[in-house]
4 protein chains.
Amino acid sequence: MSSSNLRVALIGSTGYTALEVARLLLTHPRADLVVATSRHDEGKPLSEIHPMLAGRCDVLLQPLDASEIAKAADVAMCCLPHGASAESVRELAEAGMRVIDFSADFRLSSVETYEHWYGVKHPWPERIGNVIYGMPEFFADEIKTADIVANPGCYPTSAIMPLAPLVQSGLIETNDIIVDSKSGVSGAGRSPKLGTLYCETNESIAAYAVGTHRHAPEMMDLVERISGTPIELMFTPHLTPMDRGILSTIYVKPSAKAGSVDAAVDSMMSLLRDTYSDAPYVHVVDHLPATKHVAGTNHVQMTVRHSGNRVVIVCAIDNLTKGASGAAVQNMNVMFGFPETDGLLV
Amino acid sequence: MSSSNLRVALIGSTGYTALEVARLLLTHPRADLVVATSRHDEGKPLSEIHPMLAGRCDVLLQPLDASEIAKAADVAMCCLPHGASAESVRELAEAGMRVIDFSADFRLSSVETYEHWYGVKHPWPERIGNVIYGMPEFFADEIKTADIVANPGCYPTSAIMPLAPLVQSGLIETNDIIVDSKSGVSGAGRSPKLGTLYCETNESIAAYAVGTHRHAPEMMDLVERISGTPIELMFTPHLTPMDRGILSTIYVKPSAKAGSVDAAVDSMMSLLRDTYSDAPYVHVVDHLPATKHVAGTNHVQMTVRHSGNRVVIVCAIDNLTKGASGAAVQNMNVMFGFPETDGLLV
Amino acid sequence: MSSSNLRVALIGSTGYTALEVARLLLTHPRADLVVATSRHDEGKPLSEIHPMLAGRCDVLLQPLDASEIAKAADVAMCCLPHGASAESVRELAEAGMRVIDFSADFRLSSVETYEHWYGVKHPWPERIGNVIYGMPEFFADEIKTADIVANPGCYPTSAIMPLAPLVQSGLIETNDIIVDSKSGVSGAGRSPKLGTLYCETNESIAAYAVGTHRHAPEMMDLVERISGTPIELMFTPHLTPMDRGILSTIYVKPSAKAGSVDAAVDSMMSLLRDTYSDAPYVHVVDHLPATKHVAGTNHVQMTVRHSGNRVVIVCAIDNLTKGASGAAVQNMNVMFGFPETDGLLV
Amino acid sequence: MSSSNLRVALIGSTGYTALEVARLLLTHPRADLVVATSRHDEGKPLSEIHPMLAGRCDVLLQPLDASEIAKAADVAMCCLPHGASAESVRELAEAGMRVIDFSADFRLSSVETYEHWYGVKHPWPERIGNVIYGMPEFFADEIKTADIVANPGCYPTSAIMPLAPLVQSGLIETNDIIVDSKSGVSGAGRSPKLGTLYCETNESIAAYAVGTHRHAPEMMDLVERISGTPIELMFTPHLTPMDRGILSTIYVKPSAKAGSVDAAVDSMMSLLRDTYSDAPYVHVVDHLPATKHVAGTNHVQMTVRHSGNRVVIVCAIDNLTKGASGAAVQNMNVMFGFPETDGLLV
């Protein structure tokens, strides 16, 4: 920990994304975790809530007081639930901090869409459409100067990264995209619930929220924002018996322009390789990616295959790292002019 | 074990489907396992190969001698690999036994399709098109008198059971069906291979054989055989970190005849409920099925949901039970006039 | 379901042991589940709480009214938490039912020991020392006529079964026994708690309740009750990332009488084989038992090995079956004169 | 990768410890992986064998030619099996490289003990007793100048670290120590074998090598070497359904000198805290350690508890990191004068 290092505040510290932020910052040469807040565990060491940090982090939990935190830290990583998050983001931003918001509160382009899918009144609607989406592969320039960054959702990351360039290129039909995603259980959070007990999810896979998951509009919104083209997309998430990882199997139809299915596969692989040639975390690979290939890392592996008259794209990320806390550290690096890989080498 | 009970021979005893046959027969009131064969472990107790059977089964492994086995047993459960299986099935059948074949050797309607997908010359092509497919929900009458039954593949069971009646009804478009399946690791067999080591598959999900899996033609063949209508289908299997179970998430488009997507969902649920009202193992449910709901049982759970402009069908089976050994016991029950649930109550 | 069958009431239906009772009764030829109670889910089908039962069990949840239940059922399986259980057991017994109690309320010989370890006043202390412990391998005669049976604890089952005969025989020293047990997560129940969330227990093993677990006094009490000899025993339970199963690794010292360590191992194996020669579920095996060898069954596998100057006993059971619901069905069979294996063949 | 960085050669690259070395070196600021050897996969990229490295490491596999490797690299991490390893270690050392040997070939003090337990003739017996054991917490000074370092075994690390200081202090009896260890499956290596298939080890825990595991003599040898006192120790390893981690539950008796059991626990905690106050990876904690608390890290968590008339020590490490590759990187750091935490911050 160096006195000239960037000072990071963790807002909402008890969940898995918060632990992942703390874990990554342990390896960051230019940033230190100096503040961590919690409503319920004030005064306790963060390492008591997350025993993995025992002996490695001596931050004590404190209440969320925006003006106090703004004195002690430079940037806030806000790991609060949607709805609640927007209020705290506002206070922290108004107290002068730069904020990376893990919630969905500032990801969508439209207040109406947000309120329809999240079922709450947005607490700060003026900023909707005016907060940058934290995917440095597409928005690095805006992130550099952003006061608030909306950190992407986990499932959307796995779908937007392959789909946005393909839609933009015109190689695929835009009205018939199916995203079948499989996520590890950490995506469901750390609050005790029947559905995430070990004996409920272990040795079992199941679809959930079929046709109703809130990440579908986020995928459509961002693909359109990046590519300039509106799309129709069906999304089915599945709870998979593993801690971490998302695998998205994406079914698309090559457009007439793409030629034969085999030619389309080749064009898509080339296009993705070109798009991500300078992205340190995105790997267009020949093998079929498994979530284990990216577990615990900020890396993305994707590939494209032919199947019948369709094209299948497979994309693997770690939901807690590239799907949440790793992306947040990557965004922080861009915001503060650090090398993009600081704290993310593992 | 009663002297009047049906005598069952297990051909190829070292794999997981063989163990599952032995496990189910322990509870069967009218059939006993009396013979078990193995090429490599002759003379050893079956319970040494499968320590779960210790103290519960005293059958010794013997070589595969069809005429000897035909004296000792009435029916053969043949758990050999494809290609090898057809030869043994022929010998056993010609020695006078009724045979249930777990391999793919007699499932398809066409020798050409078989030889194309399996890459071997079929050893008994005369019987192709002349062996009944062992799905009693559709072929009970033929199974009753069959000399040989082709026991269904695991993935095909999970796709054919919901799709065949829907295709037959005309409620869905037949040229744009996507089957995204997730299987437990036991489906990959018990031979030591890098890809099925614990540390390779645990905490990971991956697609495999994208566009090239042999169960795709089996699904298309059987749906056509049952419904009378040819279909186009894309199939993507995934290896999931669990012992048992298959979840198939099936994306279909309602036909014009089906009306709105919501109406289509209702019609499909009704149709499936009617189709399976007398089937003891098939349950059309309101909840989203998980593989754990059917693990270790011969039961099938399926449901239908609306998502965007598509309909999503979710179907869960246990790959080793309804997807293999349970179906075989069910077939045996039908062949020998036993109650269909004998040995399958758990 | 036959009208002459024994009618079983399940008291407290939402947990894993209750589901296991329901699962086993589905295969029982002489007993049917006819009543299931729940405080919170009155009126709902039991199969809604346990979707594994969908289409297989149509019992509706009802409140716990002892006199009503006594009219509808012959025997009660009481799956309530300790303390609460004793009150209901009393009501059910006084209403004329025979009761199998899954809680610890009637297992111990002494009210003082119970109140010390469980921290509650015993609601029916008169019956302490006057309720039979439901281990038919030792107490079958008393169980036949018992009005109330105290169903054994899961860890104690895995320790008492090997230790009681060895202590009785004088082959081991009685004051230096170490029981190191590893249990699947279902042993911790189905109430949502942080400690049993998937992401807390998956990919991790940990000791808990070191020196303070309530099953230690139960082990000592029962070994003494069976063998006539008091013992000193240390017990350490571990939470293991699996649904089911207990493996107990037990370290004992051969007594002077036992001779050399090798001779002691032989004598112990012989003694255990003799003790359990007629017990349908207890298997003294040569291999090292794994919990998978007994998963989902009522079976016990145990063996004895030499290590340094000690003897190591390894014993495997399924905590939900032989460690809870299977033992309860076995007790019910003994109480009502059924074959001991009814409902327990799998 | 900097041209002034230390150049590391990985000898034997296909296993899990090799992958873990590569993973850790990706984060090391002063060392780069520049050579990787494999007998079977010569010419292939290391990232093809370990797809987790895709896009992150471009080293190609080459044959093991000691003189060639000595030109290209400064230090060799030798991940070969015992017996085979000693020969290569000799060649590499004689070619002028400093070598960290992951095998057991140079860990023990006595050729006789090695040949008895490993069942092979030692290929370089002159060096037995003359190679330093790579546990920097005890041997940092010798490691600094060592030509060859014997990297510790995984189980021994989890036992020696708590036991050596306690034996040295005289607080425990030295002739009655029981080490009951639970390991993740990666400890069994990456060669396809029936016993480490997913479906054999998943959902199961079992003891193995009871009384015969080769790590028992290593524990006794090193505790004596560090403490100056010979000990008797019983060791039972268990295969646990998880990728990584070792939890050792160690049963010891306080010596007369230690006073009451409670006083002994306090003295032992103090002693361990003092011993490891400057060790960056060793944490004496109040909570009960779980393997998940140290998974993927080089950290050790240990604690001491009272149970009956015994004391229980619980120690958790990651078998691939502190139990193998992390310790190797730590040793390398000490050998080359780097900060001890380089490459090990996560």
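All figures in this text were calculated on a predicted structure; none of them were measured in a lab. (Residues numbered from 1 in each chain as written. Chains lettered and ligands numbered in written order. Predicted model: local features only at pLDDT ≥ 70, side-chain atom pairs only at ≥ 80, totals over all residues. Heavy atoms only, no water.)

Trainee: Help me out: how do you make sense of the domain arrangement of chain A in this one?
Mentor: Where the parts come together, the accessible area they lose is often given as the size of the interface. All names here are of chain A. The domain architecture assigned to chain A consists of domain 1 (6–151 + 323–335) and domain 2 (154–319). Taking the mean C-alpha position of each, domain 1 and domain 2 sit 25 Å from one another. At the interface, 25 residues of domain 1 touch 30 residues of domain 2. Surface buried jointly by domain 1 and domain 2 totals about 2300 Å² across both partners, of which 55% is contributed by carbon and sulfur atoms. Where Glu20 meets Arg244, a salt bridge forms, and the shortest distance between an N and an O atom there is 2.4 Å. In this structure, the connection of domain 1 to domain 2 is made through 16 residue pairs in polar contact (both at pLDDT 80 or more). Counting residues per element, the ones that place at least two in the side of domain 1 that touches domain 2 are α1 (16–25), α5 (111–118), α6 (136–145) and α11 (321–335). Of all the elements, α11 adds the most residues to the side of domain 1 that touches domain 2, at five residues. (Domains from an automatic or database assignment. Contact = heavy atoms within 4.5 Å. Buried area = accessible area lost by both parts, 1.4 Å probe. Salt bridge = Lys/Arg side-chain N within 4 Å of Asp/Glu carboxyl O. Polar contact = N/O pair within 3.5 Å; in protein donor to acceptor, adjacent residues only side chain to side chain. Helix = DSSP H or I, 4+ residues; strand = E, 2+ residues; numbered from the N terminus.)

Trainee: How do you make sense of the sheet that holds strand β4 (residues 75–78) of chain C when you look at a structure like this?
Mentor: Strands belonging to one sheet form pairs held by backbone hydrogen bonds; the direction of such a pair is parallel or antiparallel. Residue and element names in this part refer to chain C. Across the sheet, seven strands lie side by side as β3-β2-β1-β4-β5-β7-β6; this open sheet has parallel pairing. Edge positions in the sheet fall to β3 (61–62) and β6 (132–133), since each of these pairs with one other strand and no more. Pairing of strand β5 (residues 98–101) with strand β7 (residues 148–150), which is carried by three bridges, proceeds in the parallel orientation. Each residue of the ladder has a partner; that of Asp101, found in β7, is Ala150. On the sheet, helix α11 (residues 321–335) packs against β1 (6–11), β2 (31–37), β4, β5 and β7 and is oriented at approximately 155° with respect to β5. (Pairing = 2+ DSSP bridges. Axes fitted to C-alpha atoms, helices over the stretch in contact; angles between N-to-C directions.)

Trainee: I would appreciate a short explanation of the interface of chain B and chain A in the present structure.
Mentor: Chain B puts 42 residues into the contact, and the matching count from chain A is 41 residues. Each partner contributes to the roughly 3200 Å² buried at the junction of chain B and chain A, and carbon and sulfur atoms together form 57% of this total. Our enumeration of links across chain B and chain A arrives at six salt bridges. A salt bridge links Lys253(B) to Asp176(A), with the nearest nitrogen and oxygen atoms 3.4 Å apart. The tally of links between chain B and chain A comes to 24 residue pairs in polar contact (both at pLDDT 80 or more). At the level of elements, β8 (177–183), α8 (198–201), β9 (206–207), β10 (233–239), β11 (246–252), β13 (300–307) and β14 (310–317) of chain B are the ones that each hand at least two residues to the side of chain B that touches chain A. Looking at the side of chain B that touches chain A residue by residue, the class counts come to 20 nonpolar, 11 polar and 11 charged. (Nonpolar A, V, L, I, M, F, W, Y, C, P; charged D, E, K, R; others polar.)

Trainee: Teacher, can you tell me more about the sheet that holds strand β10 (residues 233–239) of chain C here?
Mentor: Residues and elements named next belong to chain C. Pairing is mixed across the open sheet formed by seven strands, whose spatial order is β9-β10-β8-β11-β14-β13-β12. The sheet is open, and its two edges are formed by β9 (206–207) and β12 (282–284), each paired on a single side. Bridge count for strand β13 (residues 300–307) against strand β14 (residues 310–317) is seven bridges, and the pairing is antiparallel. Considered in β14, the bridge of Arg305 is made with Val312. Contacts between helix α7 (residues 154–169) and the sheet are confined to β8 (177–183), β10, β11 (246–252), β12, β13 and β14, with β11 contributing the most and set at about 35° to the helix. Helix α9 (residues 215–227) rests against β8 and β10 of the sheet, and its axis sits at about 135° to β10.

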